[in-house]
Structure formats: C-alpha cells, structure tokens
Amino acid sequence: MKRRRTDSLERFTRFLWLYKLTPAGRILVATGIITGTLAAPSLEIPAFQTFLTLFCVGFIAFLVNLFARPRVEVTGHFPDKATAKHPVTGAFVVRNKGLLPALRLGAGYFGLHRALKQQQIERELPSLGRHEAATLPITLEPLRRGLYPLPKLRVFSTFPFNICRTGKAHNSKSSLLVLPDFHPIAGVDVPIGTRYQPGGIALTSDVGESPEYIGNREYREGDPIRHIDFRAWARIAQPVVREYQEEYYCRVALVLDTYIPRNRWLRPRGGFRDLEAAVSLAASVADALSRGEYIIDIFAAGPELYVFRAGRHTAHLENVLEILACVDECRTNPFDKVAPALTDELGSISTVVCVLLDWDASREALMRAAVEAGCSTKVILVRDKPPAMDYGPAEDWLGPILSLSPSEVFAGGIEQL
C-alpha cells in the first residue's frame, strides 16, 4: 500500500511539473518558494509582499485557467516511421466544440521517451472561435533509432497568464518506429561468388540467374514436355529430358556486433556512439548489397538473436532497416549466440561481412571459421580507441581489416568499403 501511494505521488508530481506548469509557471513557483522561505522566519515586509503577490497571481491564473479548459475535437495522424536525427512532423486538426472561443491553444506530447524531443512546444493559437478549426503541427526530433511508445496527445490552453495548462488527452498513434540514419555507399569491395543452395528455389525467387544445364536423364512421368530432348530421343529410341539446376546463387552474411561492456552502464540520450555508428554502417552495407542479386542474411545479437533474410525479392531494404532499428546493445558476449547460428550456415554462404566494435579471440575464431569454410570475408572495425587485441597477425590470413571511427561513419563521404 505504501509503495502504491509513493508511485501515485511521484506520478502526480511529474504531471504537475512537466505538464501542468509552463516554463513561466515553474519560474513563478520556484521564486515563490524562495521568497516564502525568506519571509517565513523573519516576516520581513518586502519578502512577504513579494510572496503574497506571486501567490495571488498564480492562484488567479489557476482558477481562470480551470474554467478556460478547451472543448475540442482532434483529428490527424503521425507518420508510421521516422529516421534518426531527422525531424518528423504530424499535422493535427483541432476543432472547437465549445460554446465560447478557445484562447491560447497549444498541443504536445508530455512524458516522451528521452530519445524523442518535441520542437517548438510553446507554439500556440491565439484564439479559436466557436466551431472553427485550425491545424496545429507537431514536430518530433528522434535522437536515436528504436521503437518508442507515444503518450496521448494533449491539447491545452495557457490562458490567461501562460503560467499553467489545462486541457484533455486525446488518443493518437501509439508508437513511432525510428529507422537508423545512414549514408548510401557505392558498393562493398569483396569477392562474391555463387554456392550451391539446397532447396534454393524455395528460398528465393528465380530472378537473376538462368537455369544451368547439367545433363540428360530418362523421362519420368510428370516431367515438363518442354524439357524433352527430341534429338537424344531419336538417337536412343526412348524419351530423354534435359536436367537443369537452379540452386546456385550468391548468399552474403552481414554480422553486426552489438557488445557493449557492462562498465559502460550509462547510456547517453542519443545511444552509444560506436554502436549507433556500427548500425548505421550495417544499414549502408545492406543498402549497397540490396541493389545487387544477392541473398542477405542479417545476424545481430541484442537481448535476442536476430536472424533475418533479405534480397532477391524475398524482402526489401525497409524490412532490414526495421530490424536494425530495434537491435539493442548486448551486455554479454554476443558471439556465443551468433557463432553457432552462423557456423551452421557457412557451407552455403558465399561471403561474410562483419561490422565489429572490437577485436578479440572470440571474433577472431568466428572469422577463422568463415575462412576455413571457404567464404570470402570483409571485416570493418568501428571504434575510436585501439582494439583489445592486435588484429595485425590476423590480416595475414583474413585480409585487410578496415578501421573507421564513429565520426567518419556519421560524416558520410565513404564511397566504397
């Protein structure tokens, strides 16, 4: 019971401070507390008069504001998706349903996730007459990718002194998906070949490659007539069909490292800089590969292991970005999850592209397994500081490892990887 009361008091305090009071109202309350504290022990006339004046102004504003509560109807929508660090605007139409004009109308979201920032929250309509309608645009700036719940939209009035707000919460879109921001690149410089894919026709559409002729065999009931080799039939006096195999194509594994050590316990408002840069770079790689005839397998370990297939018309880049938008940091070594899932697929994967945050024994073991399985490899290291282990010796058998700082990734200008 005590815990419930504490939570209720905390919610009321947050409601009062974040929504009910405007910035001017917070200054008035803070000033009133200071003057009241000074006047209480000494009862000095100037301090007491100041406190009394502030109290009267606030009380009158509260009473008038209470009766000035707007009665409005709200319609509009917010976009389904946004991109990190790019403001997104929703247009909401407000119609006055009351008998009197609505004065100093504003709208906004209160209690937003810390990764979302509302711009120009103090924008107001001076007045809205009876049965009149007006548009109130609301702009949010997502500071980080992710899926964020949106609180109810509040349309409020700050009449008369812009000290406090009164209004009603209206149902609106419940969540906003923020996709990672990335800079397109021309391509990924890595040898890409084809490999046999058991059940390949079921895995992807037959776009991009022509069937490969592998020989003739005897006719079996149900074989397509168009595959009959009439010349061979004439030579051996029995039906013969041409046999084709369509299960060779390029399959690329894109591995995203999400490991953030536990000693980095405080997550900045915009997310961990190196992880966000790695996600952005992975999106750039996926975008470059999606323009070719490749199957792309995404391996990313957050709190859960994400394995997603895209490319060759099985899914679109938008689906890849949605997966990357929801990948969170992993506090335990993710390669304990990624390595077994990737190793099971190495026999049919042509190329492995890894976007890593560090270099150590577990990452080296994963890349060695890929090389021993005959895969082409490309390793990109995203970090500011030197890695935990020197990757120089691994370049002898792995090939050059490209090292980029988060600043270089965010700045763009990378044409080729």
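Bear in mind the structure is a predicted one, so any value in this text is a computation, not a measurement. (Residues numbered from 1 in each chain as written. Predicted model: local features only at pLDDT ≥ 70, side-chain atom pairs only at ≥ 80, totals over all residues. Heavy atoms only, no water.)

Colleague: Help me understand the overall build of the protein in this model?
Modeller: Along its length, the protein carries 11 helices and 20 strands. Buried positions account for 42% of the 417 residues belonging to the protein. Expressed as a percentage of contacts within the protein between residues at least 6 apart in sequence, the contacts between residues at least 24 apart total 74%. Carbon and sulfur atoms make up 56% of the accessible area of the protein, which amounts to about 22,200 Å² in all. (Helix = DSSP H or I, 4+ residues; strand = E, 2+ residues; numbered from the N terminus. Buried < 20%, exposed > 50% of the residue type's maximum accessible area, 1.4 Å probe, protein only. Contact = heavy atoms within 4.5 Å. Areas by Shrake-Rupley, 256 points an atom, 1.4 Å probe, with all protein chains shown as cover.)

Colleague: When you look at the pattern of salt bridges in this model, what are you seeing that I'm missing?
Modeller: If charged atoms from side chains of opposite charge come close, those side chains can pair. The full count for this structure, using the stated rule, is 16 salt bridges. For Lys-81, the salt bridge identified is with Glu-322, shortest N-O distance 2.4 Å. With a gap of 241 residues between them, Lys-81 in strand 2 (residues 81-83) and Glu-322 in helix 7 (residues 317-326) connect regions that are remote in the sequence. What makes Lys-81 partly exposed here is its relative accessible area of 32%. The partner of Glu-276 in a salt bridge is Arg-144, and the shortest N-O contact between them spans 3.1 Å. (Salt bridge = Lys/Arg side-chain N within 4 Å of Asp/Glu carboxyl O.)

Colleague: Would you explain the nonpolar core in this entry?
Modeller: Soluble globular proteins: nonpolar side chains tend toward being buried together. Core analysis: the largest hydrophobic core is formed by 40 residues, its most contacted members being Leu-254, Leu-256, Leu-281, Val-355 and Leu-417. Within the residue set of this core, elements represented by two or more residues are strand 11 (175-179), strand 15 (248-256), helix 6 (273-290), strand 16 (294-301), helix 7, strand 18 (351-356) and strand 19 (376-382). When residues of this core are assigned to their parent elements, the largest contribution, 11 residues, is made by helix 6. Filtering out sequence-adjacent residues up to four positions away, Leu-281 remains in contact with Val-355, Ile-380, Val-382, Leu-404, Val-409 and Leu-417. Counting residues in each nonpolar core, the second largest holds 26 residues, with Leu-105, Leu-116, Leu-125 and Leu-128 among its members. (Core = buried A, V, L, I, M, F, W, Y, C linked by side-chain atoms within 4.5 Å.)

Colleague: So what exactly am I meant to see when it comes to the sheet that holds strand 7 (residues 133-142) here?
Modeller: Where strands meet in a sheet, backbone hydrogen bonds hold them as pairs that are either parallel or antiparallel. In spatial order, the strands read 1-3-7-5; together these 4 strands make up an open sheet with antiparallel pairing. Two strands bound the open sheet, and with one partner strand each, they are strand 1 (72-77) and strand 5 (116-119). Between one strand axis and the next, the sheet turns through 30 degrees on average, direction left out of account. One ladder, built from 6 bridges, connects strand 1 with strand 3 (residues 88-96); its direction is antiparallel. Counted as the bridge partner of Thr-75 is Val-93 from strand 3. (Pairing = 2+ DSSP bridges. Axes fitted to C-alpha atoms, helices over the stretch in contact; angles between N-to-C directions.)

Colleague: Please clarify how unusual backbone geometry should be interpreted in this entry.
Modeller: Most of the time, phi is negative for any residue but glycine, and the peptide bond is trans. Residue Pro-160 is bonded to the preceding Phe-159 through a cis peptide linkage, with omega at 15 degrees. Looking at the secondary structure, you find Pro-160 in the loop between strand 9 (153-157) and strand 10 (166-170). Look at Arg-104: it is not a glycine, yet its phi comes out positive at around 50 degrees. Within the fold, Arg-104 resides in strand 4 (residues 102-109). Positive phi, normally seen in glycine, also occurs at Asn-162, with a value near 55 degrees. Positionally, Asn-162 belongs in the loop between strand 9 and strand 10.

Colleague: Hey, could you run me through helix 8 (residues 335-343) in this one?
Modeller: For an α-helix, the turn length of 3.6 residues means that residues three or four places apart are oriented alike. When we look at burial in helix 8, the residues that qualify are Phe-335, Val-338 and Leu-342. Along the axis of helix 8, the buried positions cluster into a sector of 65 degrees, meaning they face one direction only. (Arc of directions from axis to C-beta.)

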